[in-house]
Amino acid sequence: MTGYNARVELEPTGLDADLNEIEQAMQLGARRFASKVLRPIGQQLDQMQPSEVIAADSPLWQVFSEFGQLGITLDDLMELPAADRARLKCVIFEELGYGDGGLAVLLGASMVPSIVLHSMGRTDLLQRYADKPIGCWGITEPDHGSDMLDSSGHARHPGAAHGRLNCHARLQGDRIVINGQKSAWVSNGPIAQVCILFCGFDDGSGEDKRCVVLVPLDLPGVSRGAPLDKMGQRALPQGELFFDNVSLPLDHLVAGPEDYVRAEQGVLTEANALMGVMWTGAARAAYEHAYEYAHQRKQGGVPIIQHQNVRHRLFHMFARVEAARALARRAMLFNEVAPQPALQGSIASKITATQTSFDVASQAVQMFGGNGVTREYPVEKLLRDARSSMIEDGCNEMLAIKGGTLISRI
Ligand SMILES: Cc1cc2nc3c(=O)[nH]c(=O)nc-3n(C[C@H](O)[C@H](O)[C@H](O)COP(=O)(O)OP(=O)(O)OC[C@H]3O[C@@H](n4cnc5c(N)ncnc54)[C@H](O)[C@@H]3O)c2cc1C
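The name an unreviewed UniProt entry gives the protein is Acyl-CoA dehydrogenase family protein, with Pseudomonas schmalbachii as the organism. As stated in UniProt under Sequence similarities (unreviewed entry), the record for the protein gives "Belongs to the acyl-CoA dehydrogenase family." According to the UniProt record, the Cofactor (unreviewed entry) comment for the protein is "FAD".

Laid out in structure tokens, this is it:
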């Protein structure tokens with residue numbers, strides 16, 4: 001056993017002691033992809049206009065093609081025993097977030113239709129649309145953001161009603177017909193081939209009912225807004241989806257009103273757990289930049305790492321990343337192996353990792369001094385990217401109220 005006084009050199013993912021050979025190989029493959037493809041392309045896209053990001057000659061498309069070559073598919077992951085699947089998801093998605101937070105979300109959002117179809121047992125639709133791999137999750141509406149992630153009312157003000165939704169499906173004979181719109185926040189909205197649409201269910205009763213429909217986005221009546229210009233995660237294209245009498249066979253109804261809460265809770269549980277893993281990776285990237293810079297930058301004739309306070313600050317960044325990772329892995333494992341996944345665990349993981357990535361990125365900017373706020377160095381982008389993560393997949397405050405309700409006996 002190594003003596004306690006020895007300095008232990010840790011791997012990039014810190015206190016990982018028990019990864020098996022397959023997990024190590026997947027981690028290395030994903031890290032190579034993250035460093036050689038996601039990171040440089042993410043930095044390039046960050047400087048481009050939203051319309052250029054989705055243009056035919058954009059480097060964005062290389063992300064999809066090279067990710068495809070990595071051979072990581074949801075179908076393969078679903079074949080694994082639950083605990084192995086949880087561990088691999090954590091290992092791989094942390095590396096994606098480490099490469100580029102916005103592009104990790106792009107790849108995650110692409111899988112959301114398949115994740116929902118798997119969880120609702122709709123292998124028929126999975127097979128039918130296997131040739132349309134770029135997916136999106138359409139839930140947020142212009143007038144309903146937080147409301148849409150809380151149909152069970154965990155965070156709703158007592159006695160309040162949120163009003164009519166902006167997008168509805170209704171049955172017409174053996175068809176389902178969709179009208180309305182989703183907000184500009186739909187990740188992959190401008191480029192997706194299919195949308196898993198969470199919308200109102202209009203049966204003429206006037207009651208607030210909701211449903212989930214799989215919508216191929218090349219159907220007549222579907223149109224898209226201009227890609228959104230925003231502060232962070234600029235590599236991730238986002239934009240509105242409009243539906244004008246979009247008609248589909250009834251079998252595209254994935255969840256009716258009776259199954260809606262199960263579908264909503266299921267997708268939020270999965271998405272928040274993945275966010276916990278990905279934004280741990282983004283926090284790690286910020287820590288790593290600060291660590292390297294502290295060894296290079298000299299002040300007072302010595303590298304700044306020689307100043308005790310710099311080591312103190314770096315250590316807290318290290319500890320925050322480790323803590324976020326530990327919770328992210330624990331929540332993911334629980335969801336995969338327990339008889340029923342726990343949304344409150346996923347929420348705890350998402351809130352912790354996104355806040356950590358923001359705080360650690362802010363500390364990294366401080367470590368770089370004036371260089372930290374210039375676009376010539378990578379850390380200001382990490383701060384902008386992390387800021388959005390505290391809103392996407394649910395504002396952290398609303399999620400915390402929801403989590404608080406879920407852990408209460410009220
Ligand atoms: C980068 C990014 C990616 C996204 N990706 C997608 C996507 O793929 N698909 C999609 O459909 N949407 C997506 N969204 C939208 C996201 O889910 C919403 O922005 C989020 O749910 C908040 O909704 P809102 O923006 O309308 O804010 P609002 O709901 O209007 O919230 C405004 C403020 O009010 C607070 N608030 C609201 N309700 C409550 C409450 N009940 N209790 C306490 N406080 C409350 C919030 O915390 C917030 O501070 C994305 C957003 C971002 C930023």
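*Asks:* Mind laying out the pattern of salt bridges, listing which residues take part and the relevant values?
*Replies:* Scanning all chains against the criterion turns up 28 salt bridges. Where Asp 385 meets Lys 381, a salt bridge forms, and the shortest distance between an N and an O atom there is 2.7 Å. One end of the pair is Asp 385 and the other is Lys 381, both in helix α11 (residues 379-389) and four residues apart, which spans about a single turn. Residue classification places Asp 385 among the buried residues on the basis of a relative accessible area of 2%. For Lys 381, a relative accessible area of 8% translates into the label buried. Through salt bridges that share partners, Asp 16, Arg 31, Glu 94, Glu 95, Arg 284, Glu 322, Arg 325 and Arg 329 make up one connected network.

*Asks:* Could you give an account of the environment of Gly 138, with specific residues and numbers?
*Replies:* Among the secondary structure elements, Gly 138 is positioned in strand β1 (residues 135-138). Remark: the alpha-carbon pair of Gly 138 and Ser 187, spanning 49 residues in sequence, is separated by 8.2 Å.

*Asks:* Can you explain the pairing of strand β5 (residues 210-216)? Please cite residues and give values.
*Replies:* With respect to burial, β5 is a largely interior element, seven of its seven residues being buried. Burial along β5 is two-sided: Arg 210, Val 212, Leu 214 and Pro 216 facing one way and Cys 211, Val 213 and Val 215 facing the other are all buried. Relative to strand β8 (residues 253-255), β5 runs antiparallel, the two sharing two bridges. Following the sheet pairing, Val 213 is matched in β8 by Leu 253.

Conventions we followed
- Residues numbered from 1 in each chain as written.
- Predicted model: local features only at pLDDT ≥ 70, side-chain atom pairs only at ≥ 80, totals over all residues.
- Heavy atoms only, no water.
- UniProt positions renumbered as here; feature names shortened; annotations may be inferred.
- Salt bridge = Lys/Arg side-chain N within 4 Å of Asp/Glu carboxyl O.
- Helix = DSSP H or I, 4+ residues; strand = E, 2+ residues; numbered from the N terminus.
- Buried < 20%, exposed > 50% of the residue type's maximum accessible area, 1.4 Å probe, protein only.
- Pairing = 2+ DSSP bridges.

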